[in-house]
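# Tertiary structure, described
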Amino acid sequence: MSSNPLLMTFSTTPVDSIPAIHEQLTKTYLSGKTRDAEFRKIQLRKLYYAIKDNSMRMVAAVKQDLNKPGGEAMMVEVGWLEKDITYALQNLDKWMADETPETTFLYKLMKPRLKKQPIGTVLIIGAFNYPFQLTLSPLVGAIAAGCTAVIKPSEMSPYSAAVMVRIFEQALDPDSYTVVNGGVEETTELLKHKWDKIMYTGNGTVARIVSAAAAKHLTPVILELGGLNPAFITTKGDPKLAAKRIAWAKVHNAGQICLSPNYVLMEPGVEAAFLEGFSQAIGQFFPNGTKDKENLGRIVNERHFKRIMGLLESSKGTVIFGGNADLTDRWIEPTLVKVNSLDDALLHEEIFGPVLPYYIVQGGLQEMVGIMRTVGDCPLGVYAFTKDKKEQEFVLSSTRSGGVTFNDAMFHACIQTVPFGGVGESGTGVYRGKHTFEAFTHKRPVVSQPGWIEGQLAFRYSPYTSKSIKKFQQMQRIPTPNFDRNGKLLYSGFFWRILLLGAATPKAGILRLLFAILASAYFLKAMGRK
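The paragraphs below set out a description of the structure included in this document. Counting of residues starts from 1 at the beginning of each chain's written sequence and follows it residue by residue. In keeping with the model being predicted, local features are shown solely for residues with a pLDDT of at least 70 and side-chain atom pairs are shown and tallied solely at 80 or more, while totals for entire chains, interfaces and linings include all residues. To get the side-chain values, all heavy atoms of the structure are used, and hydrogens and water are removed first.

Right, let's talk about the overall build of the protein chain for a bit. By definition, any uninterrupted DSSP run of H or I lasting at least four residues is a helix, any uninterrupted run of E lasting at least two residues is a strand, and each is numbered from the N terminus. Within the protein chain one finds 18 helices and 19 strands. Counting only C-alpha atoms, the protein chain reaches 90 × 60 × 55 Å along its principal axes. Within the protein chain, residue pairs in contact and separated by at least 24 positions form 70% of the contacts whose partners lie at least 6 positions apart. Of the roughly 25,400 Å² that the protein chain leaves accessible, carbon and sulfur atoms contribute 57%. By the convention used here, residues are in contact when the closest approach between their heavy atoms is within 4.5 Å. Surface accessibility follows the Shrake-Rupley procedure with a 1.4 Å probe radius. Residue values consider only the protein chains on display as shielding.

This is how it looks when you write it as structure tokens:
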């Protein structure tokens, strides 16, 4: 262990204590303790100060776990969580307020509303690459929603996991929120129990295990996974700027990001400028070289280092930039590889490191999209570097992904108020800001039925007659369709809009016309009196 006094000792949670933890949190939730708005706010305020007070321990922990630079850690771990918490506190009353659904006049008399209620006791399984952000950010939403929660940090970032225990002990109610530390055995025991929702961030293999365990209890899941995220560069983009921004996305956290570009597809005319831009960007980012521990992170462990290097060694492509590595330091130089086949090993597995393959496409953006569908449909992000609006629209209409960023990488996931999540293989469900609150909230429909309305609703009782059915249809106010059996609109176009005064059907148009005549007559009469 390092001699750094800020580092905490990691210890696993006894497996036999997990059933009691689950029982206690369930008991607390059922008591209603966490539903109180002021209780939620106090927990969030205390969590904010615990994070602030332990910020240097957090920075030291991710430095030890991942060699994450201090600047990165302050931005994406500490600062991110401070923003999450303050934003939740500023908006919690508004989020918790009942919603009034749209309905007809009759049903308005029943005062329908959607009451925001906590979904229950939840399990949050975090990831190693952003250990604090990806574990505690969902927790902020769970607390705001009024849930009780267990977090299970990744054992691959043990120093970070140990700091989370300290934060919980300093800030949060122990009967409502708990940390369970450990590996496969502890996670397996957690998954045996019935949770009201599970959120998992990680890879597809483990996600399938989590989903299978959740399915036994019909527990809903949020899965934040990854995917083979493509970057497209066309002749209508800026290849040097694209190279700089892609390089940033590939070296941030040493490329250990589910959103990082996994490969680049480009037209022949942009290759030279892209290569020049990439080389310049790496030199700019790392003036003291890429071994500089103050600015470039390290691969989390030896197993992942060997996996990444195994992919690079299996590639039949040509290393254009970088290619060096050091196992003892878990350092991999930012590496650019030109591949000549779509069967190349680097194109068929999420790299999760600072190695970037690229492939020259002769058939333009259309061929790029076709390659993306073959290599890995439904990635977490698609990055298209083009200033052409038609090309941008083609990307949006021809691809599926969790999100899209034009002329940059990852930024659709960098705005804390915008929902973030995947689709298909890249995950299910979204969170961030209000959407995290909603992820752990049940919108419960509530209706208050007055006794005096009984006569109006008598049609619901048998025996059913033509009169009762007609009454039902009148109450429902089913509009007359303005389309024919072939799906074509009957009254469309400028002529009909003028003739019908903007109404959808002739009947509605006549009513509007009558109203307009009566209003005009009243106005003229009033003017005559004057």
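It is at 9 Å that the axes of helix H3 (residues 55-66) and helix H4 (residues 70-96) come closest, and there the two elements cross at 130 degrees. Between H3 and H4, the interaxial angle falls into the category oblique. As H3 packs across H4, the resulting crossing turns out to be right-handed. Residues Ser 55, Met 56, Met 58, Val 59 and Val 62 of H3 form the contact with H4, whose participating residues are Gly 70, Ala 73, Met 74, Glu 77, Val 78 and Leu 81. In this analysis an axis means a line fitted to C-alpha atoms, helices contributing only their contacting stretch, and an angle means the value between N-to-C directions, from 0 to 180 degrees. For classification, angles of less than 35 degrees are called roughly parallel, those exceeding 145 degrees roughly antiparallel, those between 65 and 115 degrees roughly perpendicular, and all remaining angles oblique. Each crossing is labelled by how the near helix is turned from the far one, with a counterclockwise turn of less than a right angle marking it left-handed and a clockwise turn marking it right-handed.

Time to look at the pairing of strand E5 (residues 197-201). Of all five residues in E5, five are buried; the element is thus mostly enclosed. Alternating positions in E5 separate into two faces, Lys 197, Met 199 and Thr 201 on one and Ile 198 and Tyr 200 on the other, with burial throughout. Any two strands are treated as partners once DSSP identifies two or more bridges connecting them. Examined bridge by bridge, strand E2 (residues 121-125) and E5 share four bridges and lie parallel to one another. Across the sheet, Ile 125 pairs through a bridge with Tyr 200, a residue of E5. Judged from the four bridges that link them, E5 and strand E6 (residues 221-224) form a sheet pairing that is parallel. Within the sheet, the bridge partner assigned to Thr 201 lies in E6 and is Glu 224. Taken together, E5, helix H9 (residues 204-215) and E6 constitute a β-α-β crossover, and its handedness is right-handed. Burial classification: accessible surface area is computed with a 1.4 Å probe over protein chains only, and a residue below 20% of its type maximum counts as buried, one above 50% as exposed, and the rest as partly exposed. Crossover handedness is defined by viewing with both strands directed away from the observer: a clockwise path from the first strand over the helix to the second marks the crossover as right-handed.

Our focus in this paragraph is the sheet that holds strand E13 (residues 355-360). Spatial ordering of the open sheet is given by E9-E12-E13-E8-E7-E14-E15, a layout of seven strands whose pairing is mixed. Edge positions in the sheet fall to strand E9 (318-321) and strand E15 (403-406), since each of these pairs with one other strand and no more. Across the sheet, the axes of successive neighbouring strands diverge by a mean angle of 25 degrees, strand direction being ignored. One ladder, built from four bridges, connects strand E12 (residues 335-338) with E13; its direction is parallel. Paired with Thr 335 across the bridge in E13 is Val 355. Docked against the sheet, helix H10 (residues 239-251) engages strand E7 (230-233), strand E8 (263-266), E13 and strand E14 (381-385), running at close to 170 degrees with respect to E7.

Next up on the list: the packing of aromatic side chains. The description of two aromatic rings rests on the distance between their centres and on the angle between their planes. Pairs were defined over the aromatic rings of Phe, Tyr and Trp, the Trp ring being its six-membered one, requiring ring centres within 6.5 Å. Orientation was assigned from the angle between planes: stacked under 30 degrees, edge-to-face over 60, tilted for the rest. Using the criterion set out here, one finds eleven aromatic pairs in the structure. Each ring, one from Phe 278 and one from Phe 321, has its centre 5.6 Å from the other, and the planes form 80 degrees; the classification is edge-to-face. In this pair, Phe 278 sits in helix H11 (residues 271-285) while Phe 321 sits in strand E9, placing the two residues 43 residues apart along the sequence. One exposure class covers both Phe 278 and Phe 321, and it is buried. What links up through ring pairs into an aromatic cluster is the set Phe 274, Phe 278, Phe 321 and Tyr 358. The ring centre of Tyr 130 lies 4.0 Å from the NZ or CZ of Lys 68, which sits over that ring. Definition used: whenever NZ (Lys) or CZ (Arg) falls within 6 Å of the ring centre and also within 35 degrees of the ring normal, the charge is taken to sit over that ring.

Moving on to helix H7 (residues 158-171). In a helix, the anticipated span is given by 1.5 Å times the number of residues less one. Look at H7: 20 Å from first C-alpha to last across 14 residues, which is about the 20 Å you get at 1.5 Å a residue. Restricting attention to buried positions, one finds in H7 the residues Tyr 159, Ser 160, Ala 161, Ala 162, Val 163, Met 164, Ile 167, Phe 168 and Ala 171. On its buried face, H7 sits against helix H2 (37-53), H3, helix H6 (133-145), strand E3 (148-152) and strand E4 (177-179).

Our focus in this paragraph is helix H1 (residues 18-31). The end-to-end C-alpha distance of H1, which contains 14 residues, comes to 20 Å, matching closely the 20 Å that a straight helix rising 1.5 Å per residue would cover. Taken residue by residue, H1 has Ile 18, Ile 21, His 22, Leu 25, Thr 28 and Tyr 29 as its buried positions. For H1, the arc enclosing every buried residue in end-on projection is 130 degrees, short of the 170-degree limit, so these residues lie on one face. Across H1 from its buried face, at more than 90 degrees, point the exposed residues Glu 23, Lys 27, Leu 30 and Ser 31. Looking at the buried side of H1, the elements it contacts are strand E1 (113-118), E2, E3, E4 and helix H8 (184-191). Phi turns positive, to about 85 degrees, at Gly 32, one or two residues after H1. Our arc is simply the arc of the directions from the helix axis toward the C-beta atoms.

This paragraph deals with a nonpolar patch on the surface. Each patch is built from residues lacking any salt bridge and having more than 30% relative accessible area; the joining distance is 9 Å for like charges and 5 Å for nonpolar side chains (Val, Leu, Ile, Met, Phe, Trp, Tyr). What counts as a salt bridge is simple: a side-chain nitrogen of Lys or Arg found within 4 Å of a carboxyl oxygen of Asp or Glu. Nonpolar side chains collect at one region of the surface, where Ile 510, Leu 511, Leu 513, Leu 514 and Ile 517 lie side by side and expose about 490 Å² of accessible area between them. Assignment of secondary structure puts Ile 517 in helix H18 (residues 506-529).

The strand order across the open sheet formed by six strands is E4-E3-E2-E5-E6-E17, and the pairing between neighbours is mixed. One side of each edge strand has no neighbouring strand; the edge strands of this open sheet are E4 and strand E17 (427-428). The sheet strands contacting H6 are E2, E3, E4 and E5, and the helix crosses E2 at an angle near 165 degrees. Along the sheet, H9 makes contact with E2, E5 and E6, crossing E5 at roughly 175 degrees.

This part covers the side chain of Gln 416. Checked against the element boundaries, Gln 416 lands in the loop between E15 and strand E16 (420-421). Within the local environment of Gln 416, its side chain forms a polar contact with the backbone oxygen of Trp 80, the two atoms lying 3.0 Å apart. Beyond its immediate stretch of four places on either side in the chain, Gln 416 contacts Trp 80, Lys 83, Asp 84, Arg 432 and Gly 433. Each polar contact in these results corresponds to two N or O atoms within 3.5 Å; when the atoms are within protein, one needs to be able to donate a hydrogen and the other to accept it, and residues that are neighboring in sequence are counted only if both atoms are side-chain atoms.

The topology assignment puts Pro 450 in the loop between strand E19 (441-446) and helix H16 (466-476). The exposure class assigned to Pro 450 is buried, which follows from its relative accessible area of 19%. Sequence spacing of Pro 450 and Gly 146 is 304 residues, and the spatial spacing of their C-alpha atoms is 31 Å. Setting aside its immediate chain neighbours within four residues, Pro 450 contacts Leu 109 and Met 110.

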